Amino acid sequence: MAHPKEISALNKAFTGLGVDEKTSISILTKWHPHQLHSYRKATPDFFIEDERQFERWSDPRVLQLRQEFIRFKDAVVLRTMHPWERDARLFKEALQMGPRIDIIIETACTRSSEDLLGARRAYHSLFHHSIEEDIASQIHTSERKLLVALVSAYRYEGPHVQEETAKSEAKVLYNAIKAVAKKNPTENEEVIMILATRSKSHIKAVYKYCEEISGNHLQQDPDGDWALKQTVQCLCMPHAYFSKILDASLRTDVDEAARDSVTRVILTRADVDIKQIKEEFQHKFSGVSLSKRIEEVANGNYRDFLLALVSKEN
């Protein structure tokens, strides 16, 4: 019989983000066939027993575990990529997965003007199309115009803000939000112009004045348009946005799309603003550090790789 402590240790090695390679190797290489048999019998969450008393892996578990084994390899490959290629591939994969409009908004709105331009150039080299034409031809929802405008942006990045213009545009944004029942605000040409052409400093001012007009926190409006809210948050409060994504992803009971967000966020922000994201995470989630959450959920080489990246200084 396999020892219960070893069964528990192996189950833990196979659960969470990544795989504890050291533990799994040390146990599986010394077990004899009868111990492997008793492990299968003792692990109904992983193995299914049919009417012939034959134990086989659950197909969803096989797919999940294979994904966890390659998670570290994928993270290493992404780490070695030029950031522009990494973002270009993120755009392409987002279009192929559904599409994942949230990833397109995140990538377009949290990069500098130069990095977004670089990602567009890399996209040309890799896929022989522009990001803009692929979004225009592959997305057929109300967010299409906004997305094309966001990925095309080349924003002024200085601190100067025209306060009167910001106040005027806050009214435009507020009126568009109020009229959401009649028309989606992400289809409003003036709203698109504000979100896609103004500097992030300017949009922060617009957001501040819009909240003053509404008297509410726009991000908490349950009836608000989700794409508009995410765009504003990524432009104005990226550290809060990334902290929220990491909190939702660093759990053992989330789907594969959420799990992949951990790699995406940490790999793309490690050399940019991971220190500020860690500070926001600890402030926002009851003093729990990002490193502690990773230690609780991730395993093996993947865990160690993530911990090393989040310990980097910008």
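Residues numbered from 1 in each chain as written. Predicted model: local features only at pLDDT ≥ 70, side-chain atom pairs only at ≥ 80, totals over all residues. Heavy atoms only, no water.

An unreviewed UniProt entry lists the chain under the name Annexin D4, from Coffea arabica.

S.K.: Explain the overall build of the chain to me, please; I cannot follow it from the model alone.
M.R.: If you tally the helices and strands in the chain, you get 18 helices and two strands. Structurally, the chain occupies a C-alpha span of about 75 × 45 × 40 Å along its principal axes. Counting all 314 residues of the chain, 48% fall into the buried class. Counted over contacts in the chain with a minimum sequence separation of 6, partners at least 24 positions apart contribute 70%. Counting only carbon and sulfur atoms, one obtains 53% of the accessible surface of the chain, whose full area is about 16,000 Å². Distance from the positive charge centre (45 side chains) to the negative charge centre (47 side chains) of the chain: 2 Å. (Helix = DSSP H or I, 4+ residues; strand = E, 2+ residues; numbered from the N terminus. Buried < 20%, exposed > 50% of the residue type's maximum accessible area, 1.4 Å probe, protein only. Contact = heavy atoms within 4.5 Å. Areas by Shrake-Rupley, 256 points an atom, 1.4 Å probe, with all protein chains shown as cover. Lys, Arg positive; Asp, Glu negative; His and termini not counted. Charge placed at Lys NZ, Arg CZ, Asp CG, Glu CD.)

S.K.: Looking at this model, I keep getting lost on helix H1 (residues 4–13). Mind explaining?
M.R.: Given 3.6 residues to a turn, an α-helix orients residues that are three or four positions apart in the same direction. Looking only at H1, the buried set comprises Glu6, Ile7, Leu10, Asn11 and Ala13. End-on view of H1: buried residues confined to an arc of 160°, all on one side of the axis. Exposed side of H1, more than 90 degrees from the buried face: Pro4, Lys5 and Lys12 are the residues found there. Packed against the buried residues of H1 are helix H2 (21–28) and helix H3 (33–41). (Arc of directions from axis to C-beta.)

S.K.: Is there a simple way to explain helix H6 (residues 101–109) in this structure?
M.R.: Across the nine residues of H6, eight count as buried, placing the element largely inside the fold. Ile101, Ile103, Ile104, Ile105, Glu106, Thr107, Ala108 and Cys109 are the residues of H6 that are buried.

S.K.: Would you mind showing me how to read the environment of asparagine 11 here?
M.R.: Along the chain, the position of asparagine 11 falls in helix H1. Counting along the chain gives 225 residues from asparagine 11 to cysteine 236, while the straight-line C-alpha distance between them is 42 Å. When near neighbours in sequence (up to four residues on either side) are disregarded, asparagine 11 contacts Tyr39, Thr43 and Phe46.

S.K.: What is the right way to read the state of the cysteines from this model?
M.R.: Evaluated as defined, the whole model comprises zero disulfides. Not part of a disulfide, cysteine 236 finds its nearest cysteine sulfur in cysteine 109, a span of 9.5 Å. By relative accessible area, which is 10% here, cysteine 236 ends up buried. (Disulfide = S-S within 2.5 Å.)

S.K.: I keep staring at unusual backbone geometry and nothing clicks. Help me out?
M.R.: A negative phi angle characterises most non-glycine residues, just as the trans form characterises most peptide bonds. Note that the residue after glycine 98, namely proline 99, is joined by a cis bond; omega there is 5°. Phi is positive for histidine 128, which is not a glycine, with a value near 60°. By secondary structure assignment, the location of histidine 128 is in the loop between helix H7 (113–127) and helix H8 (131–138). The class of histidine 128 is exposed, set by a relative accessible area of 67%.

S.K.: Help me understand the environment of threonine 252 in this model?
M.R.: As for its position among the elements, threonine 252 is in the loop between helix H14 (238–249) and helix H15 (256–269). Taking C-alpha positions, threonine 252 is 8.8 Å from alanine 298, a pair spaced 46 residues apart along the chain. Here threonine 252 is in contact with Gly16, Arg259 and Val297, once residues within four sequence places are set aside.

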